[in-house]
Amino acid sequence: MSIRARFAPSPTGYLHIGGVRTALFNWLLARQTGGQFILRIDDTDNERNRSEALQPILDGFRWLGLTWDEGPEVGGPYGPYYQSQRGDRYHAAAMKLLETGHAYPDYLTREQLDAEKKAADAAKVAYVHRGPHRDTPADECVRLFQDKPTTLRFKMPLAQESVVADLICGECRQRTDLLGDPVILRADGRALYNFATVVDDIDLKITHVIRAREHLPNTYSQVQFYLALGAPLPQFAHVPVVNEPNSKKKLSKRDMAKFLTAEIRQKLKTIGWTDAEIDSRDDLNPATVAYYREMGYLPAAVVNYLGRLGWSMDDHSEYIPLPQMIERFTLDRVNDSPASFDPNKLYWLAGEYMKLLPIPEKVDGCLPFLRRAGLIGETITDAERAKIEAIVVAAGDRIKLFSDILPYGATFLRPEVIYETKAVEKRLKKPGALDILRNFLPALEACESFDAPALDKLLHDFATNNGLKPGDMVHPVRVATTGVEVGVGLFDALAILGRETVVRRIHQAIALASA
Ligand code: GLU
């Protein structure tokens with residue numbers, strides 16, 4: 001039978017890095033074996049049951065290229081894929097357990113349960129609840145429940161071990177005597193999550209349940225539900241957590257806002273986000289997938305990074321293109337201990353992927369960032385595109401993220417140069433700098449072909465003839481023409497600007513620095 005793996009996100013409004021890593025492991029296994037990857041939406045938590053809280057999750061998956069074969073928007077033969085629409089299935093399964101003597105109604109009140117717990121604590125014995133109707137015959141339980149519906153509990157079989165043969169954690173065992181009789185249906189008829197997920201996984205014919213390690217303790221009860229429902233057990237694999245960078249603390253969804261540091265906020269602002277826009281979204285921080293899209297990471301790099309987060313192909317490879325990852329992924333090479341999230345490594349990988357991207361695609365990826373910054377309009381002319389392409393070529397591997405086009409490209413695309421005060425002080429107000437510019441101007445005006453190699457030769461010849469070091473010229477010429485100290489190679493920059501702009505900006509710089 002082919003593999004059917006699933007990821008079951010709650011609609012939280014964002015796709016968390018830790019979650020999507022778990023999803024990727026499921027996806028890889030499905031793709032490797034020609035199986036199915038299914039998205040099931042755990043939306044029984046009414047408050048968050050909103051479609052706008054799901055959309056960012058679906059968008060994140062689509063951006064990463066992690067397509068799902070069944071689930072929201074695509075449907076499938078085993079739907080509905082939303083827990084909120086599957087209540088009748090949970091009810092039917094619970095009734096089956098009631099009728100077969102695996103469940104019983106429990107009329108005890110919260111106060112009675114609390115008193116039981118208190119008594120157990122006082123006697124220093126582990127508290128496990130077994131309801132008074134646990135041993136009532138099944139048909140009597142059905143009658144009671146029909147007459148007066150209430151909480152339904154699962155009758156945990158005693159004196160046994162619940163065994164989870166986990167593909168990552170190994171064989172894990174738990175004595176059932178230590179497991180209470182779990183509620184499967186609340187008095188209001190709603191199913192408990194632990195039960196619902198089993199019913200779903202059975203209905204959806206899931207063969208592999210690969211999920212976060214925190215669910216392992218629940219799995220002991222879940223295994224008993226499968227057995228009682230007469231369903232085959234899926235394979236389980238519980239993936240270790242992802243920790244915060246340089247920390248033993250879990251990269252938690254709860255306090256991810258702290259990843260929106262002042263530095264990250266500044267980065268977002270330099271690519272055109274306002275404080276209000278940043279604050280209006282709770283997914284703009286490095287713990288979510290959306291952040292990487294907004295910063296212009298290549299999705300392939302993010303996928304590669306996530307795949308390596310706790311899984312290794314051969315103990316050393318970091319750059320693992322997707323086809324290879326699909327081919328080589330195995331759960332037994334998922335590390336049994338927590339993985340540590342390392343944004344620097346992700347950034348490095350982003351650069352590696354960008355190096356390999358064909359220039360036209362790089363240009364396409366940069367355009368939305370230029371547009372957002374107001375440096376180009378909705379549509380661009382062929383000449384504008386050629387200019388952007390020249391910038392991209394000149395910037396070369398300095399562009400690791402598409403948003404990197406802004407620091408390198410802005411000066412070429414703004415009609416007017418913006419002079420950075422510090423650069424002007426340091427490079428143009430330096431004694432002799434303006435004379436160099438004044439004297440170099442006629443050479444620039446007369447230079448026959450205004451391309452990078454010719455300009456390179458021009459400047460070096462000029463330096464030699466005037467007893468200067470090239471560095472004496474490069475810095476003032478760069479600041480005078482681009483306004484800043486860093487950027488693409490100077491000769492590429494001059495060629496992209498063109499003679500007219502270069503000459504105009506040098507005049508402007510001289511006026512500014514001598515004022
Ligand atoms: N919605 C659950 C979670 O996000 C899924 C648990 C499971 O995979 O069974 O943790």
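By the naming in an unreviewed UniProt entry, the protein goes by Glutamate--tRNA ligase and is assigned to Tuwongella immobilis. The record in UniProt for the protein states the following under Subunit (unreviewed entry): "Monomer." Of the protein, the UniProt comment under Catalytic activity (unreviewed entry) reads exactly: "tRNA(Glu) + L-glutamate + ATP = L-glutamyl-tRNA(Glu) + AMP + diphosphate".

**Q** For the overall build of the protein, give the residues involved together with the corresponding values.
**A** Tallying secondary structure elements over the protein gives 22 helices and eleven strands in all. Compactness check: the protein gives a C-alpha radius of gyration of 32 Å against a globular reference of 24 Å for 515 residues, more than 25% above the reference. Look at the contacts in the protein between residues 6 or more apart in sequence, and 73% of them connect residues 24 or more apart. Accessible surface computed for the protein: about 23,800 Å², of which carbon and sulfur atoms make up 53%. Distance between charge centres in the protein, computed from 64 positive and 68 negative side chains, equals 3 Å.

**Q** Break down the nonpolar core for me, citing the residues and quoting the values.
**A** Core analysis: the largest hydrophobic core is formed by 125 residues, its most contacted members being F37, F61, Y292, Y297, L370 and I405. With nine residues, the single largest contributor to this core is helix 1 (residues 17-33). When residues no more than four places from it in sequence are discounted, the contact partners of F61 are F7, L15, V20, A23, F37, L39, L66 and W68. Among the nonpolar cores identified, the runner-up in size contains 38 residues, and L152, C172, V209 and A231 belong to it.

**Q** Run through the sheet that holds strand 4 (residues 151-154), naming residues and quoting values.
**A** On the basis of which strands lie adjacent, the open sheet formed by three strands has the order 3-4-7 and antiparallel pairing. With partners counted over all chains shown, the strands left at the sheet margins are strand 3 (103-106) and strand 7 (183-185), one partner each. Each adjacent strand pair in this sheet contributes to an overall mean axis angle of 45 degrees, direction not counted. As paired strands, strand 3 and strand 4 are joined by four bridges and run antiparallel to one another.

**Q** Kindly report on the side chain of T12, identifying the contributing residues and their values.
**A** Mapped onto the elements, T12 comes out in the loop between strand 1 (4-7) and helix 1. Classification of T12 as buried rests on a relative accessible area of 19%. A polar atom in the side chain of T12 sits 3.1 Å from the backbone oxygen of Y14.

Here is what the cut-offs are and how they apply
Residues numbered from 1 in each chain as written. Predicted model: local features only at pLDDT ≥ 70, side-chain atom pairs only at ≥ 80, totals over all residues. Heavy atoms only, no water. UniProt positions renumbered as here; feature names shortened; annotations may be inferred. Helix = DSSP H or I, 4+ residues; strand = E, 2+ residues; numbered from the N terminus. Rg over C-alpha atoms; globule rule 2.2 N^0.38 Å. Contact = heavy atoms within 4.5 Å. Areas by Shrake-Rupley, 256 points an atom, 1.4 Å probe, with all protein chains shown as cover. Lys, Arg positive; Asp, Glu negative; His and termini not counted. Charge placed at Lys NZ, Arg CZ, Asp CG, Glu CD. Core = buried A, V, L, I, M, F, W, Y, C linked by side-chain atoms within 4.5 Å. Buried < 20%, exposed > 50% of the residue type's maximum accessible area, 1.4 Å probe, protein only. Pairing = 2+ DSSP bridges. Axes fitted to C-alpha atoms, helices over the stretch in contact; angles between N-to-C directions. Polar contact = N/O pair within 3.5 Å; in protein donor to acceptor, adjacent residues only side chain to side chain.

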